[in-house]
Amino acid sequence: VKAWAAEKTKARGQSREASWWPSRLCCGSSSSAVLTGTGEVPPGGMAMENLWLWGDRKISGVGDVSELIEKMEEDVESTIIDANGDCWLPVPLKTGVRCRTVRMVAMGHDHCLIVTADSLMYSWGNGSKGQLGTRSMQAADTPQFITYPTDVLKVAAGEEHSACLIEGGECFTWGNAAGGRLGLGSCLTDGEQLSPKRVIIDVAELRVLRSVSCGSQHSALITQDGRLLTFGTGWFGRLGNGERDNEYVPKLVEMPNTVKEVHCATYHTCIVDSTDRLWVCGRDSALCRDAQNHVLRPILFEPFNQPGEERCVRSLAAIEQHTLVAAYCLSKKDSIELWVWGKNDRGQLGLPPTTAPVIDMPWRLQIPELEEMEERGHVDIDIAQVATGLHHSMCMAITTDSKGHRQPLVYSWGSCGSGRLGFEQGTEDKLQMLQTREKHKGKVPERTQTTGVKHLRIYPPVRVANRWKKGQKDGTHHVAAEKPESIDKESAKWIDCQQKLFEELPDCKTKALQDQERKAEKTCKNQLDFICQLWNKPSSSSEVTEYTLRQLRKDIEVEYLRTLNALQMSGSGEGPQMEKPQWVKTDIDVKKRLLKFEELLWILQQQPVYMASLSEILRKNSVQDEEHQIFRRTCERIFHDLYEPRTLHLCKATLKLIMESELDLGRFLTDLFDPIKSHVTFLITQMATHP
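Residues numbered from 1 in each chain as written. Predicted model: local features only at pLDDT ≥ 70, side-chain atom pairs only at ≥ 80, totals over all residues. Heavy atoms only, no water.

Explain the overall build of the chain to me, please; I cannot follow it from the model alone.
Helix and strand content of the chain: 16 helices and 30 strands. When each of the 691 residues of the chain is scored for burial, the buried share is 48%. Once local pairs closer than 6 in sequence are excluded, the contacts in the chain between residues at least 24 apart make up 53%. Total accessible area on the chain is roughly 35,600 Å²; 52% of this is exposed by carbon and sulfur atoms. (Helix = DSSP H or I, 4+ residues; strand = E, 2+ residues; numbered from the N terminus. Buried < 20%, exposed > 50% of the residue type's maximum accessible area, 1.4 Å probe, protein only. Contact = heavy atoms within 4.5 Å. Areas by Shrake-Rupley, 256 points an atom, 1.4 Å probe, with all protein chains shown as cover.)

Here you go:
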């Protein structure tokens with residue numbers, strides 16, 4: 001699976017003319033994102049920011065807004081960042097991650113997941129249903145590292161649940177388990193799964209997966225050989241298995257062709273086969289089949305399957321009850337058109353919601369600025385990608401002029417609340433100019449409302465500010481500076497050197513540093529290659545490299561968090577959170593100090609001999625002594641997680657040693673394993689009554 005992903009990434013990278021080209025668009029409920037480049041860090045290179053976010057502060061708050069704050073200080077009337085902290089222009093991800101180069105991004109209703117170039121997974125946003133996978137239901141305003149699993153290839157986000165694929169093709173899910181959307185079996189049909197848990201697939205040939213999609217209440221998987229599995233809520237037949245019942249484990253969906261892509265919406269599912277044909281199942285109104293029966297098994301999308309007008313999918317996005325498709329006609333493969341249908345109550349399909357709240361048949365959406373470009377000159381337009389959220393949508397168009405110069409343009413439309421559209425400055429003036437031209441040509445302008453309170457406005461497709469383009473900020477290009485002649489002259493005084501440094505322009509300094517870097521790389525190439533190879537996976541298990549240390553650090557982090565969870569200390573700022581009131585009353589000192597002795601308690605768990613010796617010493621004292629009670633409570637804590645095999649073995653070893661000690665010290669038969677005094681009886685009782 002990893003080789004397949006690397007091959008696809010390489011092919012994508014070869015088709016790009018610059019590393020700043022957008023490679024993935026993503027829409028959440030009130031926020032948006034653009035991922036640029038391939039998401040890989042070249043050997044010996046530095047990790048660079050390539051994820052740009054805007055919209056709701058819960059998502060965009062992790063970006064670097066320093067430049068936008070400077071703009072607002074210059075223009076006091078600017079609302080680039082509004083009173084709620086929502087960001088109206090794209091900003092790069094800057095905080096909370098070790099490697100700032102992002103390989104993949106996915107957005108749910110109001111949470112976000114990313115996979116960085118080092119195959120680690122992070123999440124932030126709303127976590128009320130456990131959808132962040134951080135073993136907590138608290139919201140996170142900075143990216144939180146998900147300790148398990150690692151070696152992540154892909155992520156997907158639904159409304160209140162999430163999923164990922166790891167190296168080897170296994171799937172993990174977490175979040176809201178209602179309706180079986182996590183695929184974890186009939187034992188988990190409601191409630192929350194707070195950390196990633198592996199999805200079990202019984203059939204061996206279906207266990208290697210290459211794609212995952214999460215809808216509002218159901219999910220779908222694609223196997224390595226192109227077969228489709230679905231699970232979750234089955235209303236309206238959205239699972240495509242011929243039934244309306246919920247499925248709590250992945251179930252195979254019969255398809256005539258192998259599957260290339262799958263997209264789960266709220267009430268319907270869209271499937272793209274290996275020939276780029278569109279198949280659908282689910283609610284009739286979401287599939288342009290009003291007043292007909294719901295589709296329980298995948299069928300070809302009828303409007304795209306008319307004789308002489310067969311259309312295939314280039315890119316597709318679906319959510320709730322609306323769908324967007326960048327499609328091409330079989331008779332004219334070079335022309336990519338944007339088609340939309342479904343719910344349009346917030347203008348998310350690009351038409352005025354007052355005149356078309358629902359589009360019941362596919363409608364070809366025209367982008368005003370691209371139409372204007374085609375009228376002005378010889379420009380080829382290619383719709384490369386689409387994305388959609390509840391109330392807005394996006395697409396990326398690639399324009400090619402007569403000289404062969406290509407340029408990617410990102411457009412967004414719909415409700416602009418929270419700044420989710422991220423459009424350029426002067427958008428209203430540009431739209432007004434286009435409307436005026438259309439009126440002069442005798443056309444009726446199909447424009448959505450762009451006046452009134454800013455956060456309530458609805459816009460047609462407008463260009464997103466491409467702040468991610470290298471060497472370009474706010475439309476101004478940097479001009480290479482010339483080096484002053486005085487720089488090359490020799491200096492005999494310290495003041496002269498300082499003067500030269502002051503006179504040298506920043507671009508000249510950068511160029512000089514780059515020249516020095518090239519010389520150093522040429523001189524020390526072998527040493528640099530050796531250092532870079534330390535980060536790669538060693539060829540043999542006996543070889544110790546930075547990769548080995550990194551893996552050990554991950555294992556230690558996982559075990560550390562597991563230990564904290566067992567001690568009920570995660571999330572505590574003052575000490576462990578006691579579960580029973582009597583512990584708080586009788587053990588105030590222990591409660592205050594136990595946090596300082598986490599490592600000591602962990603050592604106690606690993607040292608059965610010490611615990612047995614401590615038990616032997618305490619037997620000489622009265623059972624009513626506080627030391628006895630502390631000893632028993634400590635045993636309950638350190639041996640709490642008896643489902644973990646290592647902890648269970650340590651508990652058994654401790655029990656054996658204490659049993660031998662009590663047998664040696666017992667004078668009479670009645671002294672052995674007394675129900676009140678004996679620590680052996682206490683430990684056996686704890687094991688027997690463990691929930």
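Please clarify how the sheet that holds strand E3 (residues 51-55) should be interpreted in this entry.
Across a sheet, paired strands are connected by hydrogen bonds in the backbone, their directions being either parallel or antiparallel. Taken in spatial order, the four strands of this open sheet run E1-E2-E3-E4, and their pairing is antiparallel. Where the open sheet ends on each side, the last strands, each with one partner, are strand E1 (22-27) and strand E4 (87-92). Across this sheet, the average inter-strand angle for adjacent strands is 15 degrees, counted without regard to direction. As judged from the three bridges shared by E3 and E4, these two strands associate in the antiparallel manner. Directly across from Leu53, in E4, lies its bridge partner Val91. (Pairing = 2+ DSSP bridges. Axes fitted to C-alpha atoms, helices over the stretch in contact; angles between N-to-C directions.)

Sorry, what's going on with the pairing of strand E7 (residues 121-125) here?
Each regular strand displays side chains that alternate between the two surfaces of the sheet. Extensive coverage of E7 is indicated by the burial of five of its five residues. Burial along E7 is two-sided: the face carrying Met121, Ser123 and Gly125 and the face carrying Tyr122 and Trp124 are both buried. Across five bridges, the pairing between strand E6 (residues 111-116) and E7 is antiparallel. Within E7, the residue paired with Ile114 across the bridge is Tyr122. Hairpin connection, E6 to E7: the antiparallel pair is bridged by four residues, and Ser119 has positive phi, about 65 degrees. Relative to strand E8 (residues 140-145), E7 is paired through three bridges, and the arrangement is antiparallel. Looking at the pairing, Tyr122 lines up with Phe145 of E8.

What should I look at first to understand a nonpolar patch on the surface in this one?
Together, Leu528, Phe530 and Ile531 give the surface a local cluster of nonpolar side chains, amounting to about 300 Å² of exposed area. Looking at the secondary structure, you find Ile531 in helix H8 (residues 525-533). (Patch = residues over 30% accessible without salt bridge, like charges linked within 9 Å, V, L, I, M, F, W, Y side chains within 5 Å. Salt bridge = Lys/Arg side-chain N within 4 Å of Asp/Glu carboxyl O.)

Mind showing me how you'd approach the environment of Ser678 here?
Take Ser678: it is sitting in the loop between helix H15 (645-665) and helix H16 (679-688). Judged by relative accessible area, Ser678 falls into the buried class, the value being 1%. Excluding anything up to four places from it in sequence, Ser678 contacts Arg632, Glu662 and Phe673. Within the local environment of Ser678, its side chain forms a polar contact with the backbone nitrogen of Val680, the two atoms lying 3.1 Å apart. (Polar contact = N/O pair within 3.5 Å; in protein donor to acceptor, adjacent residues only side chain to side chain.)

Any chance you could explain the pattern of salt bridges here in plain terms?
Oppositely charged side chains can form a pair if their charged atoms are brought close together. Across all of its chains, the model carries 15 salt bridges by this definition. With a shortest N-O distance of 2.9 Å, Lys58 and Asp56 are connected by a salt bridge. On the basis of relative accessible area, Lys58 is assigned to the partly exposed category, the value being 35%. For Asp56, a relative accessible area of 13% gives the class buried. One continuous salt-bridge network, built from bridges that share partners, spans Glu49, Lys94 and Arg100.

Explanation requested: the packing of helix H13 (residues 608-618) against H15 in the structure shown.
Packed helices, taken two at a time, are described by the angle their axes make and the gap between the axes. As a packed pair, H13 and H15 sit with axes 8 Å apart at the nearest point and diverge in direction by 35 degrees. The hand of the H13/H15 crossing is right-handed. Contacts between H13 and H15 involve Pro608, Val609, Met611, Ala612, Ser615 and Glu616 from the former and Leu650, Ala653, Thr654, Leu657, Ile658, Ser661 and Leu665 from the latter. Considering only residue class, the contact of H13 with H15 consists of nine nonpolar, three polar and one charged. (Left-handed = near helix turned anticlockwise from the far one by under 90°. Nonpolar A, V, L, I, M, F, W, Y, C, P; charged D, E, K, R; others polar.)

Is there a simple way to think about the nonpolar core in this case?
As a rule of thumb, soluble globular proteins bury nonpolar side chains together. Leu370, Ile383, Val386, Cys395, Tyr411 and Trp413 are the most contacted members of the largest nonpolar core, which totals 24 residues. When residues of this core are traced back to their parent elements, those giving at least two are strand E21 (311-319), strand E22 (322-329), strand E23 (332-343), helix H4 (368-376), strand E25 (380-388), strand E26 (392-400) and strand E27 (406-415). Apart from residues no more than four positions distant in its own chain, Tyr411 is found in contact with Ile367, Glu369, Leu370, Met373, Ser393, Met394, Cys395, Ala397, Pro461, Val462, Arg463 and Val464. Leu35, Val62, Leu93 and Leu120 belong to the second-largest nonpolar core, a separate cluster that totals 19 residues. (Core = buried A, V, L, I, M, F, W, Y, C linked by side-chain atoms within 4.5 Å.)

The values reported here are purely geometric and, on their own, carry no functional implication.
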